[in-house]
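# Descriptive analysis of the structure
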Amino acid sequence: MEEKVRVRFAPSPTGPLHIGSARTALFNYLYAKKNGGVFALRFEDTDKERSQKVFEENILAGIKWLRLEADEIYYQSKRENSYQSALKKLTERGLIYESDGGVYFKIPVENKKIIVDDIVRGKVEFDSKDFDDLVLFKKDGTPTFHFANVVDDIEMKITHVIRGEDHLSNTPKHILLYEALDATPPKFAHISLILNPDRSKMSKRSGDVDLDEYIRAGYLPEALINFLVQLGWSDPESREFLTMSEIIQSFDLSRVQKGGAVFDIKHLNHLNHHYLMQKSLDEYMQLAEPFIKQFAGDKALLESAIKLIQDRAQILSDIPELISYFFTQPEYDTPLLIFKKSSPEQTSKGLSVALKVLEKVSPKDWTKEKLQSILDEAISSESLLPGDLFWPIRVALSGQEGSPSPVELLEAFGKEESISRIKIAINKLGV
RNA sequence: GCCGCCAUCGUCUAGUGGUUAGGACGCAAGAUUCUCAUUCUUGUAACCGGGGUUCGACUCCCCGUGGCGGUACCA
């Protein structure tokens, strides 16, 4: 009979959820869901000095934000009895000794080969002579990671241990512990690490490493999920954007990459941009809300502004900069008003012509379609080039080299504000 | 130092003895256009080195090199 798959994500709450840990959690979650198993979360909070409640909350929040719900939650700090009784068992077998207040596990002295049969790496061989005796209990009476980890995985009937490659060298010691406790070791899968651009282990030095920071910058969970899962795993159908359920369906540990993967923020941005563009205006407004509090006021204007810049923002925190000129008269240098193929005279003429025709437009005709045809007409009747008129209107309204089209801006700003900004531009040109 | 893992375009990767080595990001060019963004098209660029095995190696083996991890009373 096939036993039910049970996996766990076992962070220590000594810091905020790291992006690499988030990926480990994701791989565990995917494996569990793929196999109809259980995904457990276990806080390895045996280090009393460094473990903190806020970090537990941070990790819980991060997991939830990523939509990786845990089926069971455990705290090692509440499982003291289990470690004590496991210790008793080992003591009875004469495998334990005390030294300097600590409790040690004797590593067999004969050259014993230990094979780690890893799902992603195959059989890896170690020799017990290369290991020192293992501390099981620290002198403060708390169990070490190695011991608590193994005891818990046995009691929680964990069938697959999916964790970072940094644990591969620990695994043979753990296997010795399993054997000493008469337990069959679980299957192991050590996944490679996420790397800095210089291929060193991903760290604070070269960018953000806390999931938090990505949430605050305005990344979407679906973008992060796709990005993280494809850092080491690839879809057999080579799809670039997958839903969680598509990932679960296709996920397979045998397709995970052995080598480390560089964290490429540009790729993440690309994915995020894709998902951001797919949002409806309502959804987008809702997502943007925390990032645009300073623009609360004219709700209609805010909505038009957001609508016009939706395909430009790669992350939600790009938004304020992209829409600020909607709410305040922009600063810009006068020469920017002149299109590269135009002249000050032609530009001045273009703006005056625009001002003249726009002033005559009735409120009900103030739509981008109508405005477009009105301005097109003005250009041909005055023998102007498009760049003599559209470019300076756009700059007059936005102050930017790149922005949505002039008629979209005119529509969004409304007649009064548009005319006011065009007048300011005409004055700047000073003709 | 010792032990272990890893190695395809700049980056993420496909590839499991015979391919014009494919895709995506990035970058570049073009189309559209007043601009930027979007979209579409095209281009750019890789099998770490050396030995084997084989009729034939990116693919299998060995050595080297490089990167990374472990070697804690952190996890």
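For the structure, check the block above.
The present account deals with the structure reproduced in this document. Because the structure is a prediction, the values reported are computed rather than measured.

### Structural notes on the protein's contact with RNA strand B
Taken together, 62 residues surround RNA strand B, and among them Arg50, Arg121, Lys139, Arg312 and Pro406 come closest. One of the backbone nitrogen or oxygen atoms of Asp100 is found 2.6 Å away from a base nitrogen of RNA strand B. Between a base nitrogen of RNA strand B and a main-chain N or O atom of Pro406, the distance comes to 3.4 Å. Counting residues per element, the ones that place at least two in the surface near RNA strand B are strand 5 (102–105), strand 7 (122–127), helix 4 (145–155), strand 12 (261–262), helix 9 (265–278) and helix 15 (386–398). A per-class count over the surface near RNA strand B returns 16 nonpolar, 23 polar and 23 charged.

### Some details on the sheet that holds strand 8 (residues 134–137)
The three strands lie next to each other as 4-5-8, forming an open sheet whose pairing is antiparallel. With one partner strand each, in any of the chains shown, strand 4 (96–99) and strand 8 form the two edges of the open sheet. Taken pair by pair, the neighbouring strands of this sheet meet at an average axis angle of 40°, ignoring direction. Pairing of strand 4 with strand 5 involves four bridges; the strand directions are antiparallel. Residue pairing for strand 5: Ser99 is matched across the bridge by Gly102. Sitting on the sheet, helix 3 (residues 80–92) is in contact with strand 4, strand 5 and strand 8, with an inclination near 130° to strand 8.

### Focus on helix 3
With 13 residues, helix 3 extends 19 Å between its outermost C-alpha atoms, agreeing within 8% with the 18 Å of an ideal straight helix rising 1.5 Å per residue. The set of residues buried in helix 3 consists of Ser82, Tyr83, Ala86, Leu87 and Leu90. Looking down the long axis of helix 3, one finds its buried residues gathered within 130° of arc, a one-sided arrangement. Facing away from the buried side of helix 3 by over 90 degrees, the exposed positions are Asn81, Lys88 and Glu92. Count one or two residues on from helix 3 and you reach Gly94, which has phi positive near 70°.

### What about the nonpolar core?
Counting residues in hydrophobic clusters, the biggest one holds 105 residues, and the most contacted among them are Ile319, Ile323, Phe326 and Leu375. Ignoring sequence-local partners within four residues, the contact set of Ile323 consists of Ile292, Phe295, Leu302, Ala305, Ile306 and Ile309. Counting residues in each nonpolar core, the second largest holds 32 residues, with Phe131, Val150, Met156 and Ile158 among its members.

### A few points about unusual backbone geometry
Residue Asp100 is not a glycine yet carries a positive backbone phi of 50°. Within the secondary structure, Asp100 is located in the loop between strand 4 and strand 5. Looking at Asp100, the relative accessible area reads 64%, which means it is exposed. In this structure, Ser383 takes a positive phi of about 50° despite not being glycine. Inspection of the secondary structure puts Ser383 in the loop between helix 14 (368–381) and helix 15.

### Here we look at the pairing of strand 7
As paired strands, strand 6 (residues 113–118) and strand 7 are joined by six bridges and run antiparallel to one another. The residue bridging Asp117 from the neighbouring strand is Lys123, located in strand 7. Linking strand 6 back to strand 7 in an antiparallel pair, the connection comprises three residues.

### Observations regarding the side chain of Ser398
With respect to the helices, strands and loops of the structure, Ser398 is situated in helix 15. Discounting residues that sit within four places of it in the chain, Ser398 has contacts with Tyr325, Pro330, Ser403 and Leu409.

### Considerations on the packing of helix 13 (residues 344–359) against helix 15
For any two helices packed against each other, the geometry is given by the interaxial angle and the distance between the axes. Remark: helix 13 packs on helix 15, axes separated minimally by 8 Å, with the N-to-C direction vectors making an angle of 75°. By the angle class used here, helix 13 and helix 15 are roughly perpendicular. On helix 15, the residues touching Gln346, Thr347, Gly350, Leu351, Val353 and Ala354 of helix 13 are Asp388, Leu389, Pro392 and Ile393. Across the contact of helix 13 with helix 15, the residue classes break down as six nonpolar, three polar and one charged.

Conventions used here
Residues numbered from 1 in each chain as written. Chains lettered and ligands numbered in written order. Predicted model: local features only at pLDDT ≥ 70, side-chain atom pairs only at ≥ 80, totals over all residues. Heavy atoms only, no water. Near = heavy atom within 4 Å. Polar contact = N/O pair within 3.5 Å; in protein donor to acceptor, adjacent residues only side chain to side chain. Helix = DSSP H or I, 4+ residues; strand = E, 2+ residues; numbered from the N terminus. Nonpolar A, V, L, I, M, F, W, Y, C, P; charged D, E, K, R; others polar. Pairing = 2+ DSSP bridges. Axes fitted to C-alpha atoms, helices over the stretch in contact; angles between N-to-C directions. Contact = heavy atoms within 4.5 Å. Expected span 1.5 Å × (residues − 1). Buried < 20%, exposed > 50% of the residue type's maximum accessible area, 1.4 Å probe, protein only. Arc of directions from axis to C-beta. Core = buried A, V, L, I, M, F, W, Y, C linked by side-chain atoms within 4.5 Å. Parallel < 35°, antiparallel > 145°, perpendicular 65-115°, else oblique.

These figures come from the coordinates and say nothing about function on their own.
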